[in-house]
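The residues making up each chain are set out below.
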Amino acid sequence: MTVLGHDVNSLVDCSELVPTPPAPASDAHFPAGLGHNDIEQACATTPFPTLPTDPGPVTSVAPVPPS
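Residue numbers restart at each chain and count upward from 1, following the sequence in its written direction. Given that the model is predicted, a residue must reach a pLDDT of at least 70 before its local features are reported, and side-chain atom pairs must reach 80 or more before they are shown or counted; all residues, however, enter totals for whole chains, interfaces and linings. Side-chain numbers here rest on the full set of heavy atoms in the structure, without hydrogens or water.

A. The overall build of the chain, seen in detail. For the chain, the helix and strand inventory stands at zero helices and zero strands. A compact globule built from 67 residues should have a C-alpha radius of gyration of about 11 Å, whereas the chain, at 21 Å, is more than 25% larger. For the chain, the spread of C-alpha atoms along the principal axes amounts to about 55 × 40 × 25 Å. Whether a residue is buried, partly exposed or exposed follows from its accessible area with a 1.4 Å probe, protein chains only, as a fraction of its type maximum: under 20%, in between, or over 50%, in that order. Burial statistics for the chain: of 67 residues in total, 4% are counted as buried. A sequence separation of at least 24 residues applies to 28% of the contacts in the chain between residues at least 6 apart. Here the accessible surface of atoms and residues is derived via Shrake-Rupley with a 1.4 Å probe, and residues count as covered only by protein chains that are part of the display. Of the roughly 6,500 Å² of accessible surface on the chain, a fraction of 62% belongs to carbon and sulfur atoms. Every helix listed is a DSSP run of H or I at least four residues long, and every strand listed is a run of E at least two residues long, numbered separately from the N terminus. Values of the radius of gyration come from C-alpha atoms, whereas the globule rule sets the reference at 2.2 Å times the count of residues to the power 0.38. The contact criterion used is simple: two residues touch if any of their non-hydrogen atoms lie within 4.5 Å.

Written as structure tokens, this is what we have:
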């Protein structure tokens, strides 16, 4: 569907111009105050990986003002 309505032969492959993203700054983890019980897993047949939880107080997020 991504090429629906387009001539595939007229498209330009620019994938070599997209830079390789940098390596992650840290390993995957839960923010402080959250853990495995906070996950709504979509696929019951594939186990969710065991991730560490950051130590410290619960991570707070500023409320979003109504628009």
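B. Summary view of a nonpolar patch on the surface. Patches here: salt-bridge-free residues with over 30% relative accessible area, like charges joined within 9 Å, nonpolar side chains (Val, Leu, Ile, Met, Phe, Trp, Tyr) joined within 5 Å. Salt bridge, as applied in this entry: a Lys or Arg side-chain nitrogen positioned within 4 Å of an Asp or Glu carboxyl oxygen. Together, Val3, Val8 and Leu11 give the surface a local cluster of nonpolar side chains, amounting to about 240 Å² of exposed area. Among the residues examined, Val3 registers a relative accessible area of 37% and is labelled partly exposed.

C. Quick look at the environment of Thr59. Among the residues examined, Thr59 registers a relative accessible area of 45% and is labelled partly exposed. Separated by 18 residues in sequence, Thr59 and Gln41 have C-alpha atoms that sit 21 Å apart. Excluding residues within four positions of it along the chain, Thr59 makes contact with Pro31 and Ala32.

D. Focus on the packing of aromatic side chains. Aromatic rings from Phe, Tyr and Trp, taking only the six-membered ring of Trp, are treated as a pair when their centres fall within 6.5 Å; an angle between ring planes under 30 degrees marks them as stacked, one over 60 as edge-to-face, and anything in between as tilted. What the rule picks out here adds up to one aromatic pair. Ring geometry for Phe30 versus Phe48: centroids 6.4 Å apart, planes at 20°, classification stacked. Overall, Phe30 belongs to the buried group, its relative accessible area being 8%. Residue Phe48 is classed as partly exposed on the basis of its relative accessible area of 29%.

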